[in-house]
Amino acid sequence: MNNAPIGVYDSGFGGLSVWRELRCLLPHESLLYLGDGKNCPYGGRSRAEIEGFAIEAVERLVEEGVKMVVVGCNTATTAAVETLRKRWPDMPIVGLEPAVKPACLSTVTRKIAVLATAHSLSSDMFLDTAARYASDVEVVKVVGEGFVELVENDMEQSVEAERLVRKAVEPLLDKGVDKLVLGCTHYPFLRPIIERIVADRGIEVIDSGAAVARRVEWLLDRYDIAASGDNTPTMRYMTFADEEYRKRLEHKAETIINRPETE
Ligand code: DGL
């Protein structure tokens, strides 16, 4: 038993889509969310830069006494998860990867699409996963241009969001894909628009949030560090940006718990 918090880290607000799954599946666990904010978006940055941000973030979470780290960011995972695991060998560190495997195992048309940041789509980790599971599946890669900025600016319900999401997703409609993988934790916030566009076109939208929460549950058990059943969980929010950003982060977290718009 261990009532210390689980640290969840992302470049900004996106990891809240994972945080929400953790909160629902593991209601006794305290969560400490670190949304960088200062260096967001990560998607167009170099691997070395992102690795530096991720090390700084995990150092901070470790200082705060977390018992586990969830890198709730596909981009930071591809750039840094191996380095983080080497640096903190005793800390369970969970990374996020686009759900390419389940999509490949269930596609009927043998064509899937992956929507992610430019960094994630060109990373070795993504290419390795695609080579392993998608050798006989065609993978259409699409960068969600401007998606992260929409979510960071609370513009998920705007006309601009509709325009940018349509621009990225509509070209997929006549490509014969039957699975659309959301490979960035910011993108589930745009899921209502995405679902509307692909509705009745036989395309299933898949993200990794729930699977990651189940993996965390499994690791808590394996390391024997789950919180006790009578623990009153605490929710804390930190950032490398300013207090205003931190407050927006907290507000967004409360909003998605009370109004599950990412479902
Ligand atoms: N939420 C992120 C991801 O899962 C990072 C987005 C960004 O900062 O570009 O990839």
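Since the structure is predicted, the reported quantities are computational estimates derived from the model, not experimental observations.

Caption draft 1: Geometry of the overall build of the protein. From N to C terminus, the protein includes 11 helices and 9 strands. Reported as C-alpha extents along the three principal axes, the dimensions of the protein are approximately 50 × 40 × 35 Å. Counting over 263 residues, the protein shows a buried share of 55%. For the protein, the share of sequence-separated contacts (at least 6 apart) that also reach a separation of at least 24 residues comes to 81%. Roughly 11500 Å² of accessible area belongs to the protein as shown, and the carbon and sulfur atoms make up 49% of that amount. Averaging the positions of the 32 positive and the 42 negative side-chain charges in the protein gives two centres separated by 2 Å.

Caption draft 2: Quick look at the pattern of salt bridges. Considering all chains together, one arrives at 21 salt bridges under this definition. Of the charged contacts in the structure, one is a salt bridge between Glu-29 and Lys-67, with a shortest N-O distance of 2.6 Å. Linking Glu-29 in the loop between α1 (16–25) and β2 (31–35) with Lys-67 in the loop between α2 (47–63) and β3 (68–71), this pair joins segments that are 38 residues apart in sequence. Take Glu-29: its relative accessible area is 4%, and that puts it in the buried class. Notably, a salt bridge pairs Glu-64 with Arg-60, separated by 4.0 Å at the nearest N-O pair. For Glu-64, a relative accessible area of 28% puts it in the partly exposed group. Taking the relative accessible area as the measure of exposure, Arg-60 reaches 28% and is therefore partly exposed. One connected set of salt bridges, linked through shared partners, spans Asp-154, Glu-156, Arg-248 and Lys-252.

Caption draft 3: Looking closely at the sheet that holds strand β7 (residues 179–182). Taken in spatial order, the 4 strands line up as β6-β5-β7-β8 in an open sheet, and their pairing is parallel. Single-partner strands in this sheet number two, and they are β6 (138–143) and β8 (204–206). For this sheet, the mean inter-axis angle between neighbouring strands, taken without regard to orientation, is 20°. Judged from the 6 bridges that link them, strand β5 (residues 111–116) and β6 form a sheet pairing that is parallel. Note that in β6 the partner of Leu-115 across the bridge is Val-142.

Caption draft 4: Spotlight on the packing of α2 against helix α3 (residues 74–87). α3 packs onto α2 with a crossing angle of 55° between their chain directions and a minimal axis gap of 8 Å. Put simply, α2 runs oblique to α3. Note that α2 runs across α3; the crossing there is right-handed. Of the residues in α3, those in contact with Arg-47, Ile-50, Glu-51, Ala-54, Ile-55, Val-58 and Glu-59 of α2 are Thr-75, Ala-76, Thr-78, Ala-79, Ala-80, Thr-83, Leu-84 and Arg-87. Looking at side-chain class alone, the contact of α2 with α3 contains 8 nonpolar, 3 polar and 4 charged residues.

Caption draft 5: Up close: the nonpolar core. By size, the foremost hydrophobic cluster in this structure holds 54 residues, and its most contacted members are Leu-22, Val-70, Leu-115, Leu-180 and Val-216. For Val-216, the contacting residues outside a window of four places in its chain are Ile-6, Leu-22, Leu-26, Met-68, Val-70 and Val-94. By size, the runner-up hydrophobic cluster in this structure holds 25 residues, among which are Tyr-9, Ile-50, Ile-55 and Ala-57.

Caption draft 6: Seen up close, the environment of Glu-56. Structurally, the position occupied by Glu-56 is in helix α2. Each C-alpha atom, one on Glu-56 and one on Val-66, is 14 Å from the other, the two residues being 10 residues apart in sequence.

Caption draft 7: Expanded view of the packing of helix α8 (residues 159–169) against helix α9 (residues 191–198). Between α8 and α9, whose axes approach to 10 Å, the crossing angle comes to 50°. Here α9 runs oblique to α8, going by the angle between their axes. Classified by chirality, the crossing of α9 by α8 is right-handed. Only Ile-193, Ile-194, Arg-196, Ile-197 and Val-198 of α9 make contact with α8, whose side of the interface consists of Ala-161, Glu-162, Val-165, Arg-166 and Val-169.

Rules and cut-offs
- Residues numbered from 1 in each chain as written.
- Predicted model: local features only at pLDDT ≥ 70, side-chain atom pairs only at ≥ 80, totals over all residues.
- Heavy atoms only, no water.
- Helix = DSSP H or I, 4+ residues; strand = E, 2+ residues; numbered from the N terminus.
- Buried < 20%, exposed > 50% of the residue type's maximum accessible area, 1.4 Å probe, protein only.
- Contact = heavy atoms within 4.5 Å.
- Areas by Shrake-Rupley, 256 points an atom, 1.4 Å probe, with all protein chains shown as cover.
- Lys, Arg positive; Asp, Glu negative; His and termini not counted.
- Charge placed at Lys NZ, Arg CZ, Asp CG, Glu CD.
- Salt bridge = Lys/Arg side-chain N within 4 Å of Asp/Glu carboxyl O.
- Pairing = 2+ DSSP bridges.
- Axes fitted to C-alpha atoms, helices over the stretch in contact; angles between N-to-C directions.
- Parallel < 35°, antiparallel > 145°, perpendicular 65-115°, else oblique.
- Left-handed = near helix turned anticlockwise from the far one by under 90°.
- Nonpolar A, V, L, I, M, F, W, Y, C, P; charged D, E, K, R; others polar.
- Core = buried A, V, L, I, M, F, W, Y, C linked by side-chain atoms within 4.5 Å.

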